[in-house]
Amino acid sequence: MTHHHPANADRAAPRPFGRLLTAMVTPFTPDGSLDLDGAARLAAHLVDEQGNDALVVNGTTGESPTTTDAEKERLIRTVVEAVGDRARVVAGVGTNDTRHTVELAGAAEKAGAHGLLVVTPYYNKPPQAGLVRHFTEVADATALPVMLYDIPHRSGVPIATETLLRLADHERIVAVKDAKGDLVASSTVTSRTDLAYYSGEDALTLSTLAIGGVGLVGTSTHLTGALAKQMIEAYDRGATAEALALHRRLLPLFTGIFRTQGTILVKAALAARGLPAGPVRPPLVEATSDEIAQLRADCAAAGLELP
């Protein structure tokens, strides 16, 4: 089932989106509207200070459920303009409606995105044949490389191993953001395809690298990016003890950022650091003072003090 993409050396690269990606929050102004200037500044910070090779915009961490299609397109254009010369910009386009997802994919391509992140359709629980059709139609809709997002605890449906092996034959389906938490299943896919596996769970990054993964699409990496990148690079050059030490150091924040909900705590941490974030949109709510106190403790445990 191994497949190759000789027509495009870039897509055949084992790390089509680099090693470290952050699923970027979407900054809003105090009144809750899109803060495009803040988005440009945050993107530059994540690439230039935190070492990200690529950014995911319009993911769940970016509050995609509550941003409009027009806002999504403006956000892609803004981030591509800000960092597109030195990082890849991957657009989250996944919905639970194949037709709408295809529309978002086309809009993302026009807006300058370098790749697409496509989550399993959520809530309506399609069978595996429906997943094959959905992902294939979206991958067929543009010329962009696609990263599948396998997160059954949110979507309600896993992408079965057999389904991933089938989808790997599509020339534009090149990567997986793996938040399934099943390292045996993931190991089977990495051993039988050349899909690039990115951990979709910060704390499982080192484990994912150990079974043939290539990197991380992170949330805590708004704060931990530079050190997470060091951990991945240490593992890559065989310095496994150094990688393990960094994993252990960052574990309190890899897990702590999800104590309530990732976006809520990332925005609170960015605000504390004077970086663009702004409020969250309902149904999310702002972090409480107790949650922020716990976040400070988690940051301190990882040696990354919050002001």
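Just so it is clear, the model here is predicted, and its values are computed rather than measured. (Residues numbered from 1 in each chain as written. Predicted model: local features only at pLDDT ≥ 70, side-chain atom pairs only at ≥ 80, totals over all residues. Heavy atoms only, no water.)

Caption draft 1: Just empty space enclosed by the protein, in detail. Counted under the stated rule, the structure contains 2 cavities of 30 Å³ or more. Reported here for the largest cavity is a volume of approximately 40 Å³. Around the largest cavity sit Asp 150, Thr 161, Leu 164, Asp 178, Lys 180, Ala 185, Ser 186, Val 189 and Tyr 197, which together line it. Broken down by element, the residue count for the lining of the largest cavity peaks at 3 residues, all from helix α8 (residues 183-192). Lining the second largest cavity are Asp 178, Gly 181, Asp 182, Leu 183, Ser 186, Ser 199, Leu 204 and Thr 208. Grouping the constituent residues of the lining of the second largest cavity by class yields 2 nonpolar, 4 polar and 2 charged. (1 Å grid on protein atoms, 1.4 Å probe; cavity = no way out; pocket = protein on both sides within 12 Å on 5 of 7 lines; lining within 4 Å. Points joined across faces, edges and corners; volume = space filled by probe spheres on them. Helix = DSSP H or I, 4+ residues; strand = E, 2+ residues; numbered from the N terminus. Nonpolar A, V, L, I, M, F, W, Y, C, P; charged D, E, K, R; others polar.)

Caption draft 2: Expanded view of the UniProt feature "site: Part of a proton relay during catalysis" (unreviewed entry) in the protein chain. Mapped onto the present numbering, the UniProt feature "site: Part of a proton relay during catalysis" (unreviewed entry) falls at Thr 60 and Tyr 123. Checking the annotated residues one by one, the ones that line the largest pocket turn out to be Thr 60. When you line up the elements, Thr 60 lands in the loop between β2 (54-57) and α3 (69-83). Not counting the four nearest positions on each side in its chain, Thr 60 is found in contact with Arg 154 and Thr 263. Counting through the fold element by element, Tyr 123 comes out in the loop between β4 (115-119) and α5 (128-141). Among the residues examined, Tyr 123 registers a relative accessible area of 77% and is labelled exposed. Sequence-distant contacts of Tyr 123, that is, excluding residues within four places in its chain, are made with Asn 96 and Ser 155. (UniProt positions renumbered as here; feature names shortened; annotations may be inferred. Contact = heavy atoms within 4.5 Å. Buried < 20%, exposed > 50% of the residue type's maximum accessible area, 1.4 Å probe, protein only.)

Caption draft 3: View of the side chain of Gln 50. You can see Gln 50 is positioned in the loop between α2 (36-48) and β2. Look at Gln 50 and you get buried, because its relative accessible area is 6%. Within polar-contact distance, the side chain of Gln 50 engages the backbone nitrogen of Ala 226 at 3.0 Å. Setting aside residues up to four positions removed in sequence, Gln 50 forms contacts with Leu 20, His 45, Thr 221, His 222, Leu 223, Thr 224, Gly 225, Ala 226 and Arg 273. (Polar contact = N/O pair within 3.5 Å; in protein donor to acceptor, adjacent residues only side chain to side chain.)

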